[in-house]
Amino acid sequence: YTGAAQKSRNFLAKTINVKLHPSRLMNVDVVREANLNETVSFSSTYLNNSSLTIKSFQISPRYEYQYESCYRGSCRTYTGLVTTNTANQMSQTLLIMDYDFVMDSESDAYANIKDIKTFADMFMSIEYILDGNSREISATYVTPNRITDKIILQTDNIVENAEQVNLLITIRDRCYKIRIK
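Computed from a prediction, not measured in an experiment: that's the story for all the values here.

What follows deals with the sheet that holds strand β13 (residues 164–171). Pairing is mixed in the open sheet, where 5 strands are placed in the order β3-β14-β13-β9-β10. Only two strands of the sheet have a single neighbouring strand rather than two, namely β3 (29–34) and β10 (133–137). Mean inter-strand twist for the sheet, computed between neighbouring axes without regard to direction, equals 25°. As paired strands, β13 and strand β14 (residues 174–179) are joined by 6 bridges and run antiparallel to one another. By the bridge assignment, isoleucine 171 is partnered in β14 with arginine 174. In the packing of helix α1 (residues 116–123) onto the sheet, contacts are made with β9 (124–130) and β13, and the angle to β9 comes to roughly 55°.

On to the packing of aromatic side chains. For the structure on display, the rule yields 7 aromatic pairs. A ring pair is formed by phenylalanine 42 and tyrosine 176, whose centres lie 4.9 Å apart and whose planes are at 90°; its orientation type is edge-to-face. Remark: tyrosine 176 occurs in strand β14 and phenylalanine 42 occurs in the loop between β4 (39–41) and β5 (51–60); sequence separation between them is 134 residues. The interplanar angle of 35° and the centroid separation of 5.8 Å between the aromatic rings of tyrosine 65 and tyrosine 67 together place this pair among those described as tilted. Each member of the pair, tyrosine 65 together with tyrosine 67, is buried. Clustering of aromatic rings is evident, with ring pairs tying together Phe42, Phe101, Phe119, Phe123 and Tyr176.

The subject of this paragraph is the sheet that holds β4. Taken in spatial order, the 5 strands of this open sheet run β4-β5-β8-β12-β11, and their pairing is antiparallel. Each edge of the sheet is formed by a strand with only one pairing partner; in this case those strands are β4 and β11 (140–141). Pairing of β11 with strand β12 (residues 150–156), which is carried by 2 bridges, proceeds in the antiparallel orientation. Pairing of tyrosine 141 across the sheet is with leucine 153, part of β12.

What follows concerns a nonpolar patch on the surface. Nonpolar side chains collect at one region of the surface, where Ile16, Val18 and Leu20 lie side by side and expose about 350 Å² of accessible area between them. Mapped onto the secondary structure, isoleucine 16 falls in the loop between β2 (12–14) and β3.

Procedures and definitions
- Residues numbered from 1 in each chain as written.
- Predicted model: local features only at pLDDT ≥ 70, side-chain atom pairs only at ≥ 80, totals over all residues.
- Heavy atoms only, no water.
- Pairing = 2+ DSSP bridges.
- Helix = DSSP H or I, 4+ residues; strand = E, 2+ residues; numbered from the N terminus.
- Axes fitted to C-alpha atoms, helices over the stretch in contact; angles between N-to-C directions.
- Contact = heavy atoms within 4.5 Å.
- Phe/Tyr/Trp six-rings, centres within 6.5 Å; stacked < 30°, edge-to-face > 60°.
- Buried < 20%, exposed > 50% of the residue type's maximum accessible area, 1.4 Å probe, protein only.
- Patch = residues over 30% accessible without salt bridge, like charges linked within 9 Å, V, L, I, M, F, W, Y side chains within 5 Å.
- Areas by Shrake-Rupley, 256 points an atom, 1.4 Å probe, with all protein chains shown as cover.
- Salt bridge = Lys/Arg side-chain N within 4 Å of Asp/Glu carboxyl O.

Encoded structure:
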């Protein structure tokens, strides 16, 4: 113990100074490159036998979907709409992807990552290539709870004109790249 103790009226508070030396994960290696409809397994990470397959892809400023809602035995079909954030509507677009996601219940991360929303928020970003230059940008998960078979990400609309668009899944020092456009 090298901290300082201070006496207060009701309690004795102790503080400890700790120096941490975390490892830097500046060098991220691309472990696997895949295309649409190819299953990507994360077995070389702490996600164990978890996997993701992106089946289809679409870029659009808005996405309409149908859902059914029932009240007192009467069911009706409604149309829902997902649009980009109104504050950034002119500079944002939606990436809509059909997917299959399997999270290994035996993995260490299962308690924290049980759904695709958490997985997307923690690990997904977008890489695009435009005029021969590659750039990585963030993506925000905006899929409504009623949609269970799609991932909808909001990102910069520059991807609309990109020659190539990749979904990056970065887990610590390992990157999985899925070419979606």
